[in-house]
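Below, each chain spelled out in residue letters.
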Amino acid sequence: MVQKKTQQKKGSDARLLFVLVGALVLAFIFVAVIVLSTPDESGSKDAIRIGAIYNLNGSQSSLDTPSAQGARLAVMEINERGGIDGRAINLTLYDGGTNTTKIAAAAHRLISEDHVQVIIGISDSDMVLPAAQVAAKEGIVFVTSGATSPLLPEKVPGYLYLSCFGDNTQGAAAAEFAASDLNAKTAAVISDNSMEYTRLLSRYFTERFTSGGGNITGSMQYEGGSATISADIRKSGISSTRPDVVFVACGPADCAAVVRAVRDTGITAPIVGGDSFDSPQVVNGVGPKADRIYYTTHADISTASKDKNVNGFIRLYYIEYGEEPDAFAALGYDAVNIVAEALKKSPSTTDLRGGLLAIHDYDGLTGTISYRNQSQIPVKSVTIKGIINGTVVSFGERIPVAVPEP
């Protein structure tokens, strides 16, 4: 009896060993197929190493998560096409956690441990600076996909490039739209005083609106993330100024609360905002009061678009992630492709500045991108969208007639 059990155990062990060996062989074959299916990464054809930092958690996650996914999709497509001159792209992505200390640490790690040649990412002007400054000290270019402050390049000269438009451009576009399309002659301005993005955006809107003949009837500032936003807006008395439009410069986490507070004061006038409104948090957060809300953004990434590249991107993004992309997903996608274009034009993968500045009329998902006159900010159009009775609609692209100086 004991001998029979021993024989059964040996047979069972043998079968287990056979299964394990078989699994290892299959794993080896799987890895080999992946390696062979990518461009040559050996010898003089080393992979191109791109680092990325996006805030996948925290208040910026609704903007940065789609951007990160768009960036990954671009890398997949480039590698499937054979890479860049036969060289695959390796993308190393870290979560910044909407925390400047963590973001700076991620930049250090990308450079010292992962040895990246360029870094992309981040949709907020305050958040991008710590990473870009770390990169610049090591001679590494940072291409931000969504941080829109036109003051950023002068803070990190030569090394921080925008692949998006600047806030002075979108602020001007919002002001001109309010005046021409909404027939606004007066405006009230509400802005978050805790972010450079919101401070600048409200300033540029005000400058362009007043230079075009409009009047600001009142303005107020609030502290982003505060539980008293609604009460502060009610106490400001801004409703008594009876503006034709209300311009709101807010972070994505606060926009819905500000819109609700404005409507609760009895203001029924159109609300106009910037690209932070281009987030599901706004439509879902405002609810039944999501009407007559207009905002500037980077592109119309919807099935209503007549751009075949946009529609192709939507299909691929949905297949990969099971959801529809937005403008920030397209920004991440464009940022990778801008870097790829710069690599093709640059004589050195260790210094992409010349390659970036050589980009003219690149046809991206978020518009035609050109770097002119040695500027680190591209010339791009602005898309106007609106939320009408809870539905997002596009009002087309435009280039402002006049743009305030940074």
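Residues numbered from 1 in each chain as written. Predicted model: local features only at pLDDT ≥ 70, side-chain atom pairs only at ≥ 80, totals over all residues. Heavy atoms only, no water.

Caption draft 1: Quick peek at the overall build of the chain. When its secondary structure is counted, the chain shows 13 helices and 14 strands. Out of the 406 residues belonging to the chain, those deemed buried represent 53%. Long-range contacts, defined as pairs at least 24 residues apart, comprise 68% of the intrachain contacts of the chain with a sequence gap of at least 6. Accessible area for the chain stands at about 17,900 Å²; split by element, carbon and sulfur atoms hold 53% of it. (Helix = DSSP H or I, 4+ residues; strand = E, 2+ residues; numbered from the N terminus. Buried < 20%, exposed > 50% of the residue type's maximum accessible area, 1.4 Å probe, protein only. Contact = heavy atoms within 4.5 Å. Areas by Shrake-Rupley, 256 points an atom, 1.4 Å probe, with all protein chains shown as cover.)

Caption draft 2: View of the packing of aromatic side chains. What the rule picks out here adds up to ten aromatic pairs. The structure contains a cluster of three or more aromatic residues connected by ring pairs, namely Phe313, Tyr317, Tyr321 and Tyr333. (Phe/Tyr/Trp six-rings, centres within 6.5 Å; stacked < 30°, edge-to-face > 60°.)

Caption draft 3: Examining the confidence of the model for the chain more closely. Mean pLDDT over the chain stands at 89; residues scoring 70 or higher make up 89%. Confidence drops under pLDDT 50 across residues 1-44; counting only partners more than four residues distant or on other chains, this segment forms 14 contacts. (pLDDT = per-residue confidence, 0-100.)

Caption draft 4: Layout of the packing of helix H6 (residues 167-180) against helix H7 (residues 196-211). Close contact between H6 and H7 brings their axes to 8 Å; oriented N to C, the two are set at 45°. On the basis of their axis angle, the class for H6 and H7 is oblique. For the pair H6 and H7, the crossing hand works out as right-handed. For the pair formed by H6 and H7, the contact residues are Asp167, Asn168, Gln170, Gly171, Ala172, Ala174, Ala175, Glu176 and Ala178 on the first element and Tyr197, Leu201, Tyr204, Phe205, Arg208 and Phe209 on the second. Classifying every residue of the contact of H6 with H7 gives nine nonpolar, three polar and three charged. (Axes fitted to C-alpha atoms, helices over the stretch in contact; angles between N-to-C directions. Parallel < 35°, antiparallel > 145°, perpendicular 65-115°, else oblique. Left-handed = near helix turned anticlockwise from the far one by under 90°. Nonpolar A, V, L, I, M, F, W, Y, C, P; charged D, E, K, R; others polar.)

Caption draft 5: Spatial organisation of the nonpolar core. Among the nonpolar cores identified, the biggest contains 71 residues, and Ile53, Ile119, Ile120 and Phe313 are the most heavily contacted of them. Among the elements that line this core, the one with the most residues is helix H12 (residues 327-345), at eleven residues. Not counting residues up to four positions away in its chain, the partners in contact with Ile120 are Ile50, Gly51, Ala52, Ile53, Tyr54, Ala71, Phe142, Val143, Val336 and Val339. Within the second largest apolar cluster, 26 residues are counted, among which are Ile229, Cys250, Ile267 and Tyr295. (Core = buried A, V, L, I, M, F, W, Y, C linked by side-chain atoms within 4.5 Å.)

Caption draft 6: A look at the pattern of salt bridges. Under the definition given, this model contains eight salt bridges. Here Lys155 and Glu196 are joined by a salt bridge, their closest N and O atoms 2.6 Å apart. Residue Lys155 is located in helix H5 (residues 152-155), and its partner Glu196 is located in helix H7; the two are separated by 41 residues in the primary sequence. A relative accessible area of 35% places Lys155 in the partly exposed class. (Salt bridge = Lys/Arg side-chain N within 4 Å of Asp/Glu carboxyl O.)

Caption draft 7: Representation of helix H9 (residues 255-264) in the model. Burial analysis of H9 places seven of its ten residues in the buried class, the great majority of the element. The set of residues buried in H9 consists of Cys255, Ala256, Val258, Val259, Ala261, Val262 and Arg263. Of the residues trailing H9, Gly266 is marked for its positive phi of about 100°.

Caption draft 8: Representation of the side chain of Asn55 within the structure. Here Asn55 lies in the loop between strand E1 (48-54) and helix H2 (61-80). The buried category is assigned to Asn55, whose relative accessible area is 0%. A polar contact is formed between the side chain of Asn55 and the backbone nitrogen of Gly97, at a distance of 3.4 Å. Asn55 has contacts with Gln60, Ser61, Asp64, Thr65, Asp95, Gly96, Gly97, Thr98, Asn99, Ile103, Ile122 and Met127, leaving out every residue within four places of it along the chain. (Polar contact = N/O pair within 3.5 Å; in protein donor to acceptor, adjacent residues only side chain to side chain.)

Caption draft 9: Here's a closer look at the packing of H2 against helix H11 (residues 308-321). The N-to-C vectors of H2 and H11 enclose an angle of 105°; their axes lie 11 Å apart at closest approach. One way to sum up the angle between H2 and H11 is to call them roughly perpendicular. Listed contacts from H11 to Pro66, Gln69, Gly70, Arg72, Leu73, Met76 and Glu77 of H2 are Phe313, Leu316, Tyr317, Glu320 and Tyr321.

Caption draft 10: Inspection of the sheet that holds E1 at higher detail. Read across the sheet, five strands follow the order E2-E1-E3-E4-E5 without closing on themselves; strand pairing throughout is parallel. A strand with exactly one partner marks an edge of an open sheet, and here the two such strands are strand E2 (89-95) and strand E5 (160-162). Averaged over all pairs of adjacent strands, the angle between their axes in this sheet comes to 25°, without regard to strand direction. In this fold H2 packs onto E1, E2 and strand E3 (118-121), with an angle of close to 165° to the strand it touches most, E2. (Pairing = 2+ DSSP bridges.)

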